[in-house]
Amino acid sequence: MTRRSHGRMGPALLRRINEQKLLEHLQIYGPSSRARLKRVSGLTAPTVSKVVDALVERGLLEEIEPTEIAVGRPGKLLRLAHSSAVVLGVLLDAGRCTVVVAGVDGTIDPTQTRVFRSPDSYPELLTATEVACQDILAEVSGAAQGVAVVVNGLINNAEQRVTCCANLHILDGQDPAGDLAKRIGLRCWMLKGTSALCLSERAAGHAVDRDNFAVLDMTTGLGLGAISNGVLVTGHSGLGGEIGHVVVDLGGALCGCGNRGCLETIATDAATTRLVSEAVGEPLDQKQARQVLVERPADCAQVVDNVARHLAMAAAMVVTILNPRTLFLHSDLFLEADGNLERVSAWLSRLGLKASVADCVLKRTTSSKEQAAISAIIHEITRTWLTGDSPRSSLA
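Sequence positions are assigned chain by chain, starting from 1 and proceeding in written order. Two thresholds apply to this predicted model, a pLDDT of at least 70 for residue-level local features and 80 or more for giving and counting side-chain atom pairs, whereas whole-chain, interface and lining totals are computed over all residues. Hydrogens are left out, water is left out, and the side-chain values use all remaining heavy atoms of the structure.

**Q** Which parts of the structure should I look at to understand the overall build of the protein chain?
**A** We count a stretch as a helix when DSSP gives it H or I for four or more residues in a row; a strand needs E for two or more, and each element gets its number in order from the N terminus. In terms of helices and strands, the protein chain carries 12 helices and 15 strands. Computed over the C-alpha atoms, the radius of gyration of the protein chain is 22 Å, within 12% of the 21 Å expected from 2.2 N^0.38 for a compact globule of 396 residues. Based on the C-alpha atoms only, the size of the protein chain along its principal axes is roughly 70 × 50 × 50 Å. By residue count, 50% of the 396 residues in the protein chain fall in the buried class. Sequence-distant contacts in the protein chain: of pairs separated by 6 or more residues, those separated by 24 or more amount to 63%. We compute the radius of gyration from the C-alpha atoms alone; for a globule the expected value is 2.2 Å times N to the 0.38, where N is the number of residues. Exposure categories follow from relative accessible area, calculated using a 1.4 Å probe and restricted to protein chains: below 20% of the type maximum is buried, above 50% is exposed, and the middle band is partly exposed. Any two residues having at least one pair of non-hydrogen atoms within 4.5 Å are treated as being in contact.

As structure tokens, this is what we get:
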């Protein structure tokens, strides 16, 4: 790449910077007038109009009438496109895969969601994902802007491949985003599930405008995502955040990574389902395990305390090392039961460094994984206006 002399920015880069400013503001704060965009961006009125007109022409922005009554003739508001442009989110997970579609404003269309059982081989998985994406694209009217492929596993940024997916090994060594892009002809990005949850909480959850927070996802595995000083933390090669594979019991249950006694064999929703099943002496699915947790708490009190203690152990590591302002926990089962978040908090107070624990708030996430995938692809599309990255990139 040619180095620019005297640090001067060319017109194309400056245009992308201005576009990013406006897109990011609308993503976080919602519809705004041109006058407000001028105030918050620091750009001149002619520049704002030029950038807005270009984004409207591309279908990324839409003009709408204001909902509040104002004196005189109020100007129209601008918002991220609801129908003229769409994005897709693909969630590849153990047991179940999901494909969702949303406008660039992040509003998911639930009538177009596709769910299918995780196949037994990678070629079958790729074909099933392609079919689901093509079915959705045939039904929606907006222009498709890109696809986020979300994987709960180790993703090497440099190689653009899944290094290891402990709960869905058919992805090991594969490049699902690149392979899907070739089949459906759209830009695809691959990223880790916890990174997507971070971006979603920052875009539309409790972490709006926060530059220091972390997310622990305890659903299938136990993964960590973090934003520190406004930057998504990924590690040297993108392999950071696998806190669930810290061994805490050498003689414990076998983990998908090959070790025994990893944290995620004890402190996840999947582990909770297994442990509750063992406690009551019958095989249960997640829905049945939730019913036992709610209706028969005495039958699984020891299980609940053990899961809460080990989850707090993971939280203590995060709080002590990263010092986040907020630590979000993402759960579809364990934290659904009354009092379990408080149990984790109580254990955290005992296990963590007191000063660090006192400086952090423990909360549940507000985002679903489906919403997280959509937020991630919107974030990535916005980022590429500035960087000019190739369509094959990763936020893993």
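**Q** Explain the side chain of H330 to me, please; I cannot follow it from the model alone.
**A** By the element assignment, H330 lies in strand β14 (residues 326–330). On the accessibility criterion, H330 (5% relative accessible area) is buried. The residues contacting H330, other than those within four sequence positions of it, are L197, L216, D217, M218, T219, T365, S367, S368 and K369.

**Q** What am I meant to see in the sheet that holds strand β7 (residues 143–151) here?
**A** Within a sheet, neighbouring strands are paired by backbone hydrogen bonds and run either parallel or antiparallel to one another. Two strands qualify as a pair provided that DSSP identifies no fewer than 2 bridges between them. With respect to topology, five strands assemble into an open sheet ordered β6-β5-β4-β7-β10, the strand pairing being mixed. The open sheet has two edge strands, β6 (114–117) and β10 (188–192), and neither has a second partner. The mean angle between the axes of side-by-side strands here comes to 20°, regardless of whether they run parallel or antiparallel. By the bridge criterion, four bridges tie strand β5 (residues 96–103) to β6 in an arrangement that is antiparallel. Looking at β6, one finds that V99 is bridged to R114. Note on definitions: angles span 0 to 180 degrees between N-to-C directions of axes, and those axes are lines fitted to C-alpha atoms, for helices only across the stretch in contact. Each of β7 and β10 touches helix α6 (residues 193–204); the most contacted strand, β10, lies at about 95° to it.

Any link to function would need more than the numbers given here.
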